[in-house]
Structure formats: C-alpha cells, structure tokens
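Topology and contacts: notes
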Amino acid sequence: MSTPPGNTPPELARQVGAIARAAGAAILDVYHSDFAVQTKADASPLTAADLAAQQVIMAGLAALEPVLPVLSEEAKALPWSERRHWSRYWLVDPLDGTREFVKRNGEFTVNIALIDDHRSVLGVVLAPVSGELYVAALGQGAWLQAQADGFWQRIRTRPLEQPPLVAGSRSHGGAQGSVLQRLIGSDYQLVPLGSSLKFCLIARGAADVYLRLGLTSEWDTAAAQCVLDEAGGAVLDLAGQPFRYNRGESLLNPEFIAVGDGTIDWAARLQAP
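In this text, all values refer to a predicted model and were calculated from it rather than measured experimentally.

Remarks on the overall build of the protein
Counting secondary structure elements, the protein contains 8 helices and 14 strands. Rg of the C-alpha trace for the protein: 18 Å, near the compact-globule value of 19 Å for 273 residues, within the 12% margin. In terms of its C-alpha atoms, the protein occupies a principal-axis envelope of roughly 50 × 50 × 40 Å. The 273 residues of the protein split such that 55% are buried. Put simply, of all contacts in the protein between residues at least 6 apart along the chain, 64% involve residues at least 24 apart. Of the accessible surface of the protein, which amounts to about 11800 Å², a share of 52% is contributed by carbon and sulfur atoms. Distance between charge centres in the protein, computed from 22 positive and 29 negative side chains, equals 2 Å.

Details of the confidence of the model for the protein
The share of residues in the protein with pLDDT of 70 or more is 96%, and the mean pLDDT across the chain is 92. Between residues 1-5, whose pLDDT stays under 50, and residues either more than four places distant or in other chains, the model counts 9 contacts.

Details of unusual backbone geometry
Here the residue pair Glu65 and Pro66 is connected by a cis peptide bond, since its omega of -5° sits within 30 degrees of zero. Among the structural elements, Pro66 can be located in the loop between α2 (48-62) and β3 (70-72). Note that the residue after Gln162, namely Pro163, is joined by a cis bond; omega there is -5°. Despite not being glycine, Asp117 has its phi angle at roughly 55°, a positive value. For Asp117, a relative accessible area of 54% corresponds to the exposed category. Residues other than glycine seldom take positive phi values, yet Asn246 does so here, at roughly 55°. Within the secondary structure, Asn246 is located in the loop between β13 (234-237) and β14 (256-259). Taking relative accessible area as the criterion, Asn246 reaches 2% and is therefore assigned buried.

Thresholds applied
- Residues numbered from 1 in each chain as written.
- Predicted model: local features only at pLDDT ≥ 70, side-chain atom pairs only at ≥ 80, totals over all residues.
- Heavy atoms only, no water.
- Helix = DSSP H or I, 4+ residues; strand = E, 2+ residues; numbered from the N terminus.
- Rg over C-alpha atoms; globule rule 2.2 N^0.38 Å.
- Buried < 20%, exposed > 50% of the residue type's maximum accessible area, 1.4 Å probe, protein only.
- Contact = heavy atoms within 4.5 Å.
- Areas by Shrake-Rupley, 256 points an atom, 1.4 Å probe, with all protein chains shown as cover.
- Lys, Arg positive; Asp, Glu negative; His and termini not counted.
- Charge placed at Lys NZ, Arg CZ, Asp CG, Glu CD.
- pLDDT = per-residue confidence, 0-100.

Following this line, the structure appears as structure tokens:
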C-alpha cells in the first residue's frame, strides 16, 4: 500500500523505522516461544528478546552513514569520561517494557533515538505486537504507520479534554494524585499502559497527560519524547524544563510529566504552590 506524495517521514527516520521493525520481528520470535527470564543487577528482567533486538539494532545502525556511537540499555555502560565528548549519538532501548513482555500483554516497544547537542532530534518507537510504528524528526513532524506496508499518517496531540485522560504506568505505581490534582484537577480518568506507549497515546491525541514519579533511564524516554514533541506536546521535568540527554555521569532521568496540550503553561502550573 503506497503513501500519498508529500506525506512521508524523512529518509533517515524511515531507515531507522525499518531497523526497529527488524528488531520487532526478532522480539516476536522469542515472544511466541517458551522463553526464560533472567534478572539483571538492578533486579529488572532480561530475556533473549532483549538481546536479539540489541544485535539487530546495533547491526542496522552500524550500516548507516555516518557511523555514530550507540548508547543502549543492553550494552556495557560507557563511562562519562567517554560520553562527555559526544555531541551526536544513538540512544537505544531494544525492548522497553520487558515486564510487560514477560506478562505477554503486548505493551512493550522498541525505542531508537538520535541525540544531537543533548536533544532528541529523531525518534522511532515500534509496538511489535500491534505493528504500530511511530517516527518523528526535529522540526518535521510526527507520523504513525499502523502496519509495515501501510500509509504514513501525521499525528497531533489534542487540547486538554475534560475530564483529562491520564496514561499511567502499568508496572510502576506512584503517589501521583496530589501532583495531578494541582495540574489538571481531581476529576480525571486513569488508563494503565506499559512502556513508552504512554507517550505515543498522547502524541496521537488519545490521552492528555502522563506523570512519572520515580526512576527512569534516558533510553526509556528519548525516542518517545521526540515523537511527542513533534506532535505538539512536551516532556518536562517537575521544574517545567524540557528533558535533555547525556547531561552527566548518571543516566537516570528526573521525575517528569508528558503533556499533549501545547497551549497551556505547564511550567507555571508545576511551579504553583
């Protein structure tokens, strides 16, 4: 199925999208098997699907020009003494939502972002089970391709609805009620969802807010942030500042809120007493 002329993502975004789809196929091979689950040092789960996707993505990115450094959840951590000199690199989570993968609920993603001068300038998020592929490039917009041979559809966020629809983590709880009340009031609906799909739900205009209190890593957010930013939303820390990457030795993110309605002064709401 072809896409109408003038409505396709930039070539690099499509190339990285194809890499994500190849990684997704490797993930599904494991997903449909009797796989084992290991436990990493931080107590998070690891499966053969994480490692298979990592291999596919590393090979795919190595074939692109120019060849750039890659920072990935499933690769050996690189020291800050090396990373501090990077201005442009790939930031990858081969399988975001391994807990959802283990539960076999389909709510996991492949995340690939291009970071340039601390900003996420290209983002690709694939949901292997549904086949939905989200891509975005700085200043050029965000797209959704529902299936591998389908049309590319431009996506946009929506104005804040009443009552707002809040996308929430399925596997990570948090005492977020008081913060949400200050930002959007007490009358809201919560929709649990795993992985970076929460950002994508907002980007496509199907939810309004995602608040995350607790730890995440840079590879958890970078790709989906670009998608949400280019769809008209934002990812902000709780001081109201946009997310930046490769900021220092730690690869942990601050707590944040992802929002869809770009007409609201969310920084002012976050800073209000």
